Amino acid sequence: MTAIQPAGGGGGGVSGGPSSSSLADVIDTILDKGLVIDAYVRVSLVGIELLTIDARVVVASVDTYLRFAEAVNRLEIGSGEPKGLTDLVGDVTEGGAKSKTKGALESAGEKLGDILGGGQEEPERERVSRKSTRGDK
Amino acid sequence: MSTSNQSTDAPDEPRTSGVYVYGIVPADVEAEEDAVGVCDGPVSTVKHGDIAALVSEISVDRPLGKPEDLRTHAHVLDGTSRVAPVLPLRFGAVMTDEDAVAEELLAAHAEEFAAALEELEGRAQYVVKGRYVEEAILREIIEENEQASKLLGTIRDQPEETTRDARMALGEIVGNAIEAKRDEDTRKVVEALDSLSDSVNVREPTHEEEAAQVAVLVEVARQEELEKAVGELAEQWDGRVDMRLLGPLAAYDFVVTQKPEG
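Fair warning: this is a prediction, and the values are worked out from it, not measured in the lab.

**Side note on the overall build of chain A**
Here's step 1: If you tally the helices and strands in chain A, you get five helices and two strands.
Here's step 2: Its helices and strands in sequence order give chain A the pattern α-β-α-α-α-α-β, from N to C terminus.
Here's step 3: With 137 residues in all, chain A has 31% of them scored as buried.
Here's step 4: Nonlocal contacts in chain A, meaning residues at least 24 apart in sequence, comprise 67% of its contacts between residues at least 6 apart.

Encoded structure:
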């Protein structure tokens, strides 16, 4: 069963308790999105390796393809007889010849998470409150 | 508050503290007393007229970017997005002191910030993420693609060293098939959200088995409808795609920094 869990937590969600964004979710969101302050004013970015963001899309090929192939190989396929090798020689050569690199993707977020040793999630809670709704000042 | 001591810009004395800025909010937003920011400093606001910045003091001799720092940044902003509109800053914005925040950030852009906040009032960002269930999606591909199933026959029970070419070919077919399915399934997600929002941002995939990653700006009051729409997709794709809904979040995907004039 698939759980739909609003990250906000605090109840009101579709079944399942409070949840929060994983570190990978956070990285997907806050590192390359949002207002950029230094377009406005002179500020410093303190000791952040912004280079890591560019690593998001990894051009994978051989490794990814071999991993996919192995995953397929492990599938239990019930019916369907395996074809004889002879049927396939053409395909195989063709496939092998055009094994160019292609835009396979890898989650930089999750990788970064691993590197940083992303720990357990802390429960989300509200950090601010609002004194009033707008328009009564 | 911007009433602190005038900053004495002593150039020869290295600065040891700075003000971390999370985002811009209406001036009637208050930080909770126990709200803790990056570097464990208490979160407070710096006000200017109708707008304010959510800030906390940090020490600048400690590098930023640990997992807790990233989470804290997101938590402060996302928590805020549930009760008030907020313009999130990208992670890592630090200014010299509160005066700089009030003058150079808030005062200098008061009008556009106020207008953007007005527009965001009552709305927040949600992110819909789908991840293929590997076994299910691979089965689907093998069933649909004759060439792939032939190649599977070739590598079945054969040592890896002797079937490398076939494995490469099979893997490439799988990779391309997933890409095509992602395009199609992302389109379906966007379609399902269509009636809830006219602000949709399809994000670039960040995982090779991602089915969709879509950010939407939705009225917080309609969150239930959104959950229902995503829930229906999740049901339809049960066992094939793991669907998640994140939010309410600050509107990271929908704030745009305009180039300064000149």
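After presenting the structure, the write-up continues.
**Quick notes on unusual backbone geometry**
All names here are of chain B.
Here's step 1: A cis amide bond, omega 0°, links G247 with the succeeding residue P248.
Here's step 2: By the element assignment, P248 lies in strand β10 (residues 241–249).
Here's step 3: Located in the positive-phi region is C39, a residue other than glycine, with phi close to 70°.
Here's step 4: Here C39 is to be found in the loop between β2 (29–31) and β3 (44–48).
Here's step 5: You can call C39 partly exposed: it has 19 C-beta atoms within 10 Å.

**Section: helix α2 (residues 98–106) of chain B**
Here's step 1: Every buried residue belonging to α2 of chain B is among E98, A100, V101, A102, L105 and L106 of chain B, and all of these are buried.
Here's step 2: Of the surrounding elements, those touching the buried residues of α2 of chain B are β1 (17–26), β3, β4 (51–59), β6 (93–95) and α3 (110–120) of chain B.

**Section: the domain arrangement of chain B**
Residues and elements named next belong to chain B.
Here's step 1: With domains assigned, chain B is organised as domain 1 (17–121) and domain 2 (124–254).
Here's step 2: Inter-centroid distance (C-alpha atoms) of domain 1 to domain 2 is 34 Å.
Here's step 3: Counting residues at the interface gives nine residues for domain 1, matched by seven residues for domain 2.
Here's step 4: Of the residues in the side of domain 1 that touches domain 2, the class split is four nonpolar, three polar and two charged.

**Here's the deal with the pairing of β10 of chain B**
Residue and element names in this part refer to chain B.
Here's step 1: With eight of nine residues buried, β10 is to be regarded as a mostly interior element.
Here's step 2: With seven bridges connecting them, strand β7 (residues 123–132) and β10 associate as antiparallel partners. In the strand pairing of β10, G130 is matched with M243.

What counts as what
- Residues numbered from 1 in each chain as written.
- Chains lettered and ligands numbered in written order.
- Predicted model: local features only at pLDDT ≥ 70, side-chain atom pairs only at ≥ 80, totals over all residues.
- Helix = DSSP H or I, 4+ residues; strand = E, 2+ residues; numbered from the N terminus.
- Buried ≥ 20, exposed ≤ 12 C-beta atoms within 10 Å, placed from the backbone.
- Contact = placed C-beta atoms within 7 Å.
- Domains from an automatic or database assignment.
- Nonpolar A, V, L, I, M, F, W, Y, C, P; charged D, E, K, R; others polar.
- Pairing = 2+ DSSP bridges.

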